[in-house]
Structures are given as structure tokens and as C-alpha cells.
Amino acid sequence: MRHRIMRALWLVFAALGLTLSSAAAKEAKEQPYEHYVFGKLDTPTPGPVSGGLLLMGGGDRNTDAMKWLFQKAGNGHIVVISASYGKEIGEEFYHEIGGIQSTEIFVFHARSQATNKKILDRLRKADGIFIAGGDQARYVRFWRGTPVGDILNAHVAAGKPLAGTSAGLAIQGEKLYGAMDDGSIRSPEALADPLGPANTIEGDFLHFALLKGVVTDTHFKERDRLGRLFAFVAKAQVGRPADQTAMIGLGVDESAALAVEPDGTGRIYATEPDGSAWVVDGGGLRDIPGRGPLDAPRVKVTGVGRGSVVHLPSGQVDNPVFVRNYAARAGEVVEVPRWSLAIHGGAGVIERATLSPEKEKAYRAGLDDALRAGSAVLDKGGPALDAVAAAVRVLEDNPLFNAGRGAVFTADGKNELDAAIMDGKTQKAGAVAGVTRTRHPIDLARAVMDKSPHVMLTGAGADRFSVEQGLEQVDPGWFRTEERWQQLLRWREKQAAAIDPTHLFGTVGAVAIDADGNLAAATSTGGMTGKRWGRVGDSPIIGAGTYAKNGQCAVSATGSGEYFIRESAARQVCDRVAWHGESLAAAAQATILAVGAIGGDGGLIAMGPDGHPAFAINDLGMYRGRISAGKAAETAIFVDEKWPD
């Protein structure tokens, strides 16, 4: 019973950041520290001592990594500190690896021993310090706020090497998982409630410049700890000022050791061919909403292998062994595409019986061409903004689609073109309406965004700006196709939009996310047959037919524009995601139903930060396609065509 009471006191005082006193302290002092020596402590250090950190994942130690540490210590005197392991480490270092003058081990059993003069003196004189594995909660309780903690900080700051394995690595970051409940949280528990009390994130312990803004973890791949490192980084950033860069997570496999030079460059030593370190970009783990399961749609993780170089504390990696993106959803971590692109080519009453096999083949080929153009940009690491423009540009040149060449005619027999583009990263946007001579209206919308102080230009002013920007100009006859002209003639006879029902709404668009997690959307259209009085639909209206915002979604719509404008359809999708917590698919479907409820027909495409697009249709079909990193392009036309998740 007394033992249980004393243990409870330890936990209470540790949680309050206080030291034990009176009877509790007296009992702690009655447990002596252990002390072991291998070699001679009074011999000179043979070589020069230089700084560095050896971050070890906790498995069998790599001999080359240890020799790196010993060389950094001038092949002199290594002091090992521990709260669990003792004599066996000295046997290994001095007798099995060798090449040093001595190994001295101190095994702590109480916080009071962190003020022992003998221990402190030996630590100050150490050429290199090694922090053993064990229980990091003991290290926090025994050493935080004591001379031992001060000496460790001073040792590294003075340019002397320090190593840590398992718990000895786990305590080294600016923030750390302390395991203060004497347990070891697993990924499912951590993901279920990252801000909860079981995720005991501590700070104000060690202050190593190379690990500023870093949270570490060990036994990484072998114990499936990616999810819990996400949770560690998320909680560690609570309250972090917005003007400070995001923290990073650094996980090291059991078979790996990361040797970090004083300039911050780190390289892997490994006992297994695939032994790695994992760098988690905390940008996707900031400002998570309250208690409950972690919802992080996109977190970038970079692998550091034998041929890689990591730069600390930034986390930048040269020659990574992998770059992956993950999403945390409902207590699980799943890999998501590095980049992704979705397109549409308009909607309509598209039934298999009304679309000839030849025309269906032509439409699918046109969609494939656009997907190839946009994906080529993304696969080379290009921005989403360039990718959506590239995809739309191809569709504007294809006379099958109502955008650019092949645009429908106004009541006056002209082609008047609208387009918009939006950058989710900056929320800059550009749009044009009533354009008559620019071959690619989407390029003109981009120029408005990039090279003017405005968001939208129309008519003659837009045409003039296009010339000033040096964009490709064409004779208005370039846009004319006989099929569209005949549609106008039929409209003039009936004064109704008597166009091909299989392509009732011919707007084209694209949405994408790039390897940096940036979203973008682009839309282009010829409008509707027989439009009058300078009519402008939803396509160039930011928030109606086109919208993008990082962390939420990117949207491009097609349909009866007046209704999409009234519902602010594109922005509505993103707001449903951000404000109501709806999934992207649910938000897209609810929005298209809202458009339909007031009389509008059509569809929309949306891209979320996890790289999974959503397609919503309230017609009988929509020309559409998708492609993502490592996967083949897919196209669909009919409403009942389903893609695998």
C-alpha cells in the first residue's frame, strides 16, 4: 500500500512540475544510483572533440553510427546516463565496439540524484554523452529543471556530441511525449483524441538548437507509430503563434540512426536496408478543432534513407527515399495521392441510346487529352494553378466542348467567351466575360489575376487587355463550328435553346491539388445558345461557378448558370466542408440538390485537400474525368458510371 501511495505522489508532483519533499524525498534518496566504469577515466582524450547529435531509433545499435559518435568525442570518454539500463551498455561500448578511453554509466533511481556532485562533475567532463533507452517519463521527472538538464543543454551548446536511443531520443525535441501516465500511447488511442489527457506532451526540458520546433519518436515503423506522431505534433502546436513555422515530427526506425552534424545536416546509418527516418510536416496538423478524433486531410511525410540528407531543424530532405501524403480520418491514417486532377466537359441529358459510339469515343478521347495535359504539369511537381489551366486549354481547343473553339453563338450570331481561375493558396482570382478574340480565355483570366489589380474584366476592355498582354489572338471565325451555327438557327426558329440535349450545358472545368497541397480551380465556357444583352453566367463568377481555398476545396461547376449564381454553389461546397464538417462528397451532393431545388440543372466537380475528387450531378450525365499520382486516367459520361473508391 505504501508503495502505491508513493507512486501516486510521484505522478501528482510530476504533473504539477514540482519536486518531491519530506517523506517522499527521503524515500527516494534511500535508493542509491548505480555506477559502472569501463576503462580509465584519467587518460587524455586522443583526438579533437566536435559537436553532433546521434538520434537512434531504439533497436540494435549500428557499429558505424557508434564509431561516428566516438570519433566526434575524440575517441575519449563517454558518459552514459540511464534510469533503467546499466552495466551491459559499458560492456558493449568499451569491449565490443571499442576505440574509446572509457565508458562510465550512471543509473538514476530518484530525482534527488540529479544534484549529486559526483555525477554532475563527470557529466561536465564528458567528451560525449549517451542517453540510454527505457522510460522517458522517468527522465522528465528526474532531470527536467535540474542541473542534469542544464548540463545536457550546455554540453550540446559547447559543441560536444550527444546521442540518445529509444527514450533517450524521445526526450530531445523542443516538445516531447512524456508518457507521464506511465503508459505508452498507441496510434489508435492518440488519433482518437490527440488533445486528450493521455497524450502527455511536455516542454521546457532540453533546448537543442538543431531540434527546435521538432517532436521526436522512436521504434517508428516497427511499432506503427505514424499516427501517434501526428497526434504529438498536433498537440505540441496548440497555442503556437501563427507567425512561427509549423513544427515537424521526426520518427526514427528501430534499425536506423540519424547522425546530425553541427550544421544540421543529417545522414542515416542503418542495420537494415530500409531503415529510415520519417519527417512529418506539421503544417497540416495546426489548429485542429478541439477534442475528438484527429481530422487532418493532408499531412506530408518525407523519408530519409541511406542516400538522403536531412537539414535540421527545417526538416528539408535532399534525395528523399519517398514523399507521401496521408490523411487522418476517424481514428485511422491512410495514404492519399501526392497530386490529383479532376475535369468536366459539361452536363446534359446523356443516355447511352442518344450518344453514338463514335461520339462517345471522341468525347472520352478529348477528356483523356485534357487529363494528360494537366497531369504532366503535376507529375513534374508543377503547381495546381498551371495544371488546371493546361487541362482547360486543351478542352478550349476541342470543338466538341462549349468553350473556346466550338463555343455556342449568342442571339446576334457571335461567340462570346467567359472564363475564371482561382488559386487556393493565395485566394487570388481572375475572370473574363464576353471575350471575342483570345484563343484561350483561361489564359486571359490568368493574366487578369496575375497582371492586373482586378478580378474581372468584360467585353471590349477584356479584349484590349488581352492584346496588351501579348496573348494569342484569333479571328472570331476560329471559334465557329457548323454544328453550333445550326443550333443557333434552330434557336432562332423556335426562340428556345434547341441544342443537343446530350450536351445541354457545355462548360468545361478543372480542379487540382499539387504536391505542395495547393488547390486550384478553372472554368471556361461559351455560355448558352441565344444569350442576349451581354449575359454572363456563373462560370466567371467567383464563388458561383469557380472557387478554391486551401484546406477546404476547389470547385468548378457546369449547368444553368443563373441558378448556380443564386446558390453561390462553388463557395457553398467549401463552406459546407469548413463550417458544417461535411465530407466533400456530401457537400457537393447537397449543393447540387440545392441548385436543383430552385430549378437549376447541371453538375459540379470538387477537389479536397486529401486529393479525392467529388462529382455531383442532377442531370442524366456529365462528361468527366480524374487522374492522380500513380494511377491511370479514368473518364465517365453517364450518370450511372461509378468509379472504385
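Above this text sits the structure in question.
Now for a look at the structure at hand. (Residues numbered from 1 in each chain as written. Predicted model: local features only at pLDDT ≥ 70, side-chain atom pairs only at ≥ 80, totals over all residues. Heavy atoms only, no water.)

Before going further, it helps to examine the sheet that holds strand 6 (residues 161-165). Pairing is mixed across the open sheet formed by 10 strands, whose spatial order is 1-4-3-5-6-2-11-12-15-16. Among the strands making up the open sheet, the edge pair consists of strand 1 (34-39) and strand 16 (316-318). When strand polarity is set aside, the average angle formed by the axes of neighbouring strands in this sheet is 20°. Inspection of the sheet shows strand 2 (residues 52-56) paired to strand 6 by five bridges, in the parallel sense. Across the sheet, the residue bridging to Leu55 is Gly164, located in strand 6. In the packing of helix 3 (residues 63-72) onto the sheet, the strands contacted are strand 2, strand 3 (77-82), strand 5 (128-131), strand 6, strand 11 (256-260) and strand 12 (265-270), and the crossing angle to strand 2 comes to about 155°. (Pairing = 2+ DSSP bridges. Helix = DSSP H or I, 4+ residues; strand = E, 2+ residues; numbered from the N terminus. Axes fitted to C-alpha atoms, helices over the stretch in contact; angles between N-to-C directions. Contact = heavy atoms within 4.5 Å.)

Turning next to the state of the cysteines. All chains considered together, the criterion is met by one disulfide. The disulfide partner of Cys553 is Cys574, and the gap between their sulfur atoms is 2.1 Å. What sets the handedness of the Cys553 and Cys574 disulfide is the S-S torsion sign, and at about -115° it is left-handed. Placement of the pair is Cys553 in strand 26 (residues 553-559) and Cys574 in helix 17 (residues 569-580), with a sequence separation of 21 residues. Each member of the pair Cys553 and Cys574 is classed as buried. (Disulfide = S-S within 2.5 Å. Buried < 20%, exposed > 50% of the residue type's maximum accessible area, 1.4 Å probe, protein only.)

As for its position among the elements, Thr216 is in strand 9 (residues 214-217). Here the side chain of Thr216 touches Leu169 through a polar contact of 3.0 Å, landing on its backbone oxygen. A polar atom in the side chain of Thr216 sits 3.3 Å from the backbone oxygen of Ala170. Aside from chain neighbours lying at most four places away, what touches Thr216 is Leu169, Ala170, Ile171, Gln172, Gly173 and Leu250. (Polar contact = N/O pair within 3.5 Å; in protein donor to acceptor, adjacent residues only side chain to side chain.)

For helix 5 (residues 117-125), the full list of buried residues reads Ile119, Leu120, Arg122 and Leu123. End-on, the buried residues of helix 5 take up no more than an arc of 165°, which puts them together on one face. Residues Lys117, Arg124 and Lys125 are exposed on helix 5 and point more than 90 degrees away from its buried face. Considering only its buried residues, helix 5 is in contact with strand 3, strand 4 (102-107), strand 5 and helix 7 (147-157). (Arc of directions from axis to C-beta.)

This part is about helix 12 (residues 384-396). With 13 residues, helix 12 extends 18 Å from end C-alpha to end C-alpha; this agrees with the ideal 18 Å at 1.5 Å per step. Of all 13 residues that make up helix 12, 10 are buried, and the element is covered over most of its length. For helix 12, the set of buried residues is Ala384, Leu385, Ala387, Val388, Ala389, Ala390, Ala391, Val392, Leu395 and Glu396. Looking at the packing, one finds that the buried side of helix 12 touches strand 19 (340-348), helix 11 (357-379), strand 20 (417-423), helix 13 (441-451), strand 23 (508-513) and strand 24 (519-525). (Expected span 1.5 Å × (residues − 1).)

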